[in-house]
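Descriptive analysis of the structure
Take a look at the letters that make up each chain.
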Amino acid sequence: MPELPRLVVATRNAHKTAEIRAMIGDSFEVLDVSSFPECPHIEETGTTFLENATLKAEGISRVVAGWVLSDDSGLEVDALGGAPGVWSSSYGGDEGNHPRNNERLLREMEGKSDRRARFRCTMVLAREGLAEADFSGTVEGRIIDALRGGAGFGYDPLFIPEGHELTFAELGDGVKNSLSHRARALAKVIDFLKHSGPK
Ligand code: IMP
């Protein structure tokens, strides 16, 4: 059997990798940087999703051969002026501490009647240290006032996507992966890869 082409996701977030692997199907072998101990830690010093996604994709593709895909994503809440935005993963104080991030979001949203929010995702494909294309996806929704559901990660227990009454964490992976910001950006990535062919 011919070997599948490889797509390396520039993340150590196992949830992101699992979602991308589930959505991409069997046309690529999806790995992430946890399979490549030689990968450096990339500081996310950008102030936009695109800047951070570019830093990650270019940085990892300098040491890993073939296509590298990065995902920079976050939650924008209207009543908070777009926060936490690019700083979503450290909103509660420590990087990647989802319970603390959710606690802070609940606190900041106390008494706010405008609950509108969206998840935004920007993906960059890079090879040999250079970004070749970027893709984005968003999903509109609203923030509720208590955690609900056990699936997904991050702010999923507090976010109800438009057209639904359950949070992403209650809807589960199947529904989330059909309409999320990541799904929408990834559909464009898959289309691009189909037309440019794996290298
Ligand atoms: P990044 O790893 O720097 O892109 O930060 C992404 C952060 O945004 C995560 O740590 C979560 O806080 C939030 N986030 C991004 N995508 C999702 C999602 O699909 N569900 C819930 N939270 C998300």
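The written sequence of each chain sets the order in which its residues are numbered from 1. At least 70 in pLDDT is required for a residue's local features to be given in this predicted model, at least 80 for side-chain atom pairs to be given and counted, and no such filter applies to totals for whole chains, interfaces and linings, which use all residues. Side-chain measures were taken over the full set of non-hydrogen atoms in the model, leaving aside hydrogen atoms and water.

Quick word on the nonpolar core
Our working rule: Among buried residues, those of type Ala, Val, Leu, Ile, Met, Phe, Trp, Tyr and Cys that are joined through side-chain atoms within 4.5 Å constitute a nonpolar core. Summary of the burial criterion: residues with accessible area below 20% of their type's maximum are buried, those above 50% are exposed, and those between are partly exposed, where the area comes from a 1.4 Å probe applied to protein chains only. Helix and strand definitions here come from DSSP, where helices need a minimum of 4 consecutive H or I residues and strands a minimum of 2 consecutive E residues; each element is numbered from the N-terminal end. Two residues form a contact once any of their heavy atoms are found within 4.5 Å.
Counting residues in each nonpolar core, the largest one holds 19 residues, and the members touching the most others are Leu7, Leu69, Met123, Leu125, Leu186 and Val189. For this core, the elements supplying multiple residues, two or more each, are strand S1 (6-9), helix H1 (14-24), strand S3 (67-77), strand S4 (116-127), strand S5 (130-143) and helix H5 (181-196). A total of five residues in this core trace back to one element, the largest contributor, which is H5. For Val189, the residues in contact, after removing those within four places along its chain, are Leu69, Met123, Leu125 and Phe135. Core analysis: the second largest hydrophobic core is formed by 18 residues, Leu80, Met109, Ile160 and Leu171 among them.

A closer look at helix H2 (residues 49-61)
This is how the line gets drawn: For a helix, the expected span equals 1.5 Å multiplied by the residue count minus one.
Between its first and last C-alpha, H2 extends 18 Å over 13 residues, near the 18 Å set by a 1.5 Å rise per residue. Burial in H2 covers these residues: Phe49, Asn52, Ala53, Lys56, Ala57, Glu58, Gly59, Ile60 and Ser61. Where H2 is buried, its residues contact H1, S3, S4 and S5.

Quick look at the packing of H1 against H5
Formally: A fitted line through C-alpha atoms represents every axis, and for helices the fit uses only the stretch in contact; the resulting angles, taken between N-to-C directions, go from 0 to 180 degrees. Working rule for angles: under 35 degrees goes down as roughly parallel, over 145 as roughly antiparallel, 65 to 115 as roughly perpendicular, anything else as oblique. In this scheme the crossing of two helices becomes right-handed for a clockwise turn of the near helix relative to the far one and left-handed for an anticlockwise turn of less than a right angle. Only Asp, Glu, Lys and Arg are considered charged in this grouping, and only Ala, Val, Leu, Ile, Met, Phe, Trp, Tyr, Cys and Pro are considered nonpolar; every other residue, Gly among them, is considered polar.
Put simply, H1 and H5 touch, their axes get as near as 10 Å, and they point 50 degrees apart. The angle between H1 and H5 falls in the class oblique. The element H1 and its partner H5 pack so that their crossing is right-handed. Contacts from Lys16, Glu19, Ile20, Met23 and Ile24 of H1 reach H5 at Arg182, Ala183, Leu186 and Ile190. Among the residues forming the contact of H1 with H5, the class breakdown is six nonpolar, no polar and three charged.

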